[in-house]
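Reading the structure
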Amino acid sequence: MEDPRYAQTQPTAREQQVPPTVPQQRPGPARAETEEPARVTGWAGWVMFAGVAMIVVGCFQAVMGLVALFNSGFYLITRNGLAIPASLTAWGWVHLIMGVIVALAGAAIIAGQTWGRVVGIALATIQAIVNFAWFPAYPLWSLIVMIVDALVIYALAVHGREVRALNSGMM
């Protein structure tokens with residue numbers, strides 16, 4: 001006779017039910033652990049400050065560009081007195097366009113968009129360079145903008161991820 005230990009039996013109806021399956025990880029290269037979500041600290045306020053500062057400074061840059069376009073006698077500097085010799089009309093357009101783009105990037109930063117953070121760092125760097133070149137025409141304003149740009153770059157580079165966590169916590 002056969003050994004009962006090796007006998008094949010038919011599964012009962014209860015045994016035929018499929019147990020709930022746990023999703024299995026697909027075979028392939030080892031996946032890196034996901035990053036832990038950013039914690040919201042007090043620095044998230046600095047990132048919000050960076051977004052608001054970019055909006056305000058962008059608006060002022062645009063106004064500065066409009067003044068250069070429509071009232072060229074306002075800035076008492078010759079074309080050769082600027083670090084980059086160009087007409088005030090050209091500088092006006094540079095400031096106007098840059099101001100609008102900086103203000104839009106500031107709004108994206110406040111909304112927690114990653115692209116806004118990357119663009120914000122790049123634009124704050126470019127804006128600081130442009131204001132350094134504009135320094136002979138408007139020294140006090142250029143210095144203020146360069147200092148604000150340095151704060152914006154620091155806040156976005158070091159603590160930019162916290163705004164997304166802050167915005168998701170508000171919703």
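Residues numbered from 1 in each chain as written. Predicted model: local features only at pLDDT ≥ 70, side-chain atom pairs only at ≥ 80, totals over all residues. Heavy atoms only, no water.

1. Regarding the overall build of the protein
Scanning the protein from N- to C-terminus turns up 6 helices and 0 strands. Its helices and strands in sequence order give the protein the pattern α-α-α-α-α-α, from N to C terminus. Residues classed as buried in the protein amount to 33% of the 171 residues present. Here the protein displays about 11,700 Å² of accessible surface, and carbon together with sulfur accounts for 66% of that area. (Helix = DSSP H or I, 4+ residues; strand = E, 2+ residues; numbered from the N terminus. Buried < 20%, exposed > 50% of the residue type's maximum accessible area, 1.4 Å probe, protein only. Areas by Shrake-Rupley, 256 points an atom, 1.4 Å probe, with all protein chains shown as cover.)

2. Overview of the environment of Ala62
By the element assignment, Ala62 lies in helix α2 (residues 44–70). According to the relative accessible area criterion, Ala62 is buried, its value standing at 11%. Residues Ala62 and Val94, spaced 32 residues apart in sequence, show a C-alpha to C-alpha distance of 8.9 Å. If we ignore the near neighbours within four places in the chain, the residues touching Ala62 are His95, Leu96 and Gly99. (Contact = heavy atoms within 4.5 Å.)

3. Concerning helix α5 (residues 139–159)
With 21 residues, α5 extends 30 Å from end C-alpha to end C-alpha; this agrees with the ideal 30 Å at 1.5 Å per step. Those residues of α5 lying buried are Trp141, Ser142, Val145, Met146, Val148, Asp149, Val152, Ala155, Leu156 and His159. (Expected span 1.5 Å × (residues − 1).)

4. Concerning empty space enclosed by the protein
Gaps between atoms show up when a probe of the same size as a water molecule is rolled over them. Under the defined criterion, the tally for this structure stands at 1 cavity of 30 Å³ or more. For the largest cavity, the calculated volume is near 40 Å³. Looking at the largest cavity, the residues that line it are Ala53, Met54, Val57, Val102, Leu123, Ala124, Gln127, Val148, Asp149 and Val152. For the lining of the largest cavity, the secondary-structure elements that each account for two or more residues are α2, α4 (114–133) and α5. Across the lining of the largest cavity, the residue classes break down as 8 nonpolar, 1 polar and 1 charged. (1 Å grid on protein atoms, 1.4 Å probe; cavity = no way out; pocket = protein on both sides within 12 Å on 5 of 7 lines; lining within 4 Å. Points joined across faces, edges and corners; volume = space filled by probe spheres on them. Nonpolar A, V, L, I, M, F, W, Y, C, P; charged D, E, K, R; others polar.)

5. With respect to the packing of helix α3 (residues 88–110) against α4
Packing of α3 against α4 leaves a shortest axis separation of 9 Å and a crossing angle of 150°. Classified by the interaxial angle, the pair formed by α3 and α4 is roughly antiparallel. For the element pair α3 and α4, the recorded crossing hand is left-handed. Residues Trp91, Val94, His95, Met98, Ile101, Val102, Ala105, Ala108 and Ile109 of α3 touch α4, and the partners they reach there are Trp115, Gly116, Arg117, Val119, Gly120, Leu123, Ile126, Gln127, Val130, Asn131 and Ala133. Looking at the contact of α3 with α4 residue by residue, the class counts come to 14 nonpolar, 5 polar and 1 charged. (Axes fitted to C-alpha atoms, helices over the stretch in contact; angles between N-to-C directions. Parallel < 35°, antiparallel > 145°, perpendicular 65-115°, else oblique. Left-handed = near helix turned anticlockwise from the far one by under 90°.)

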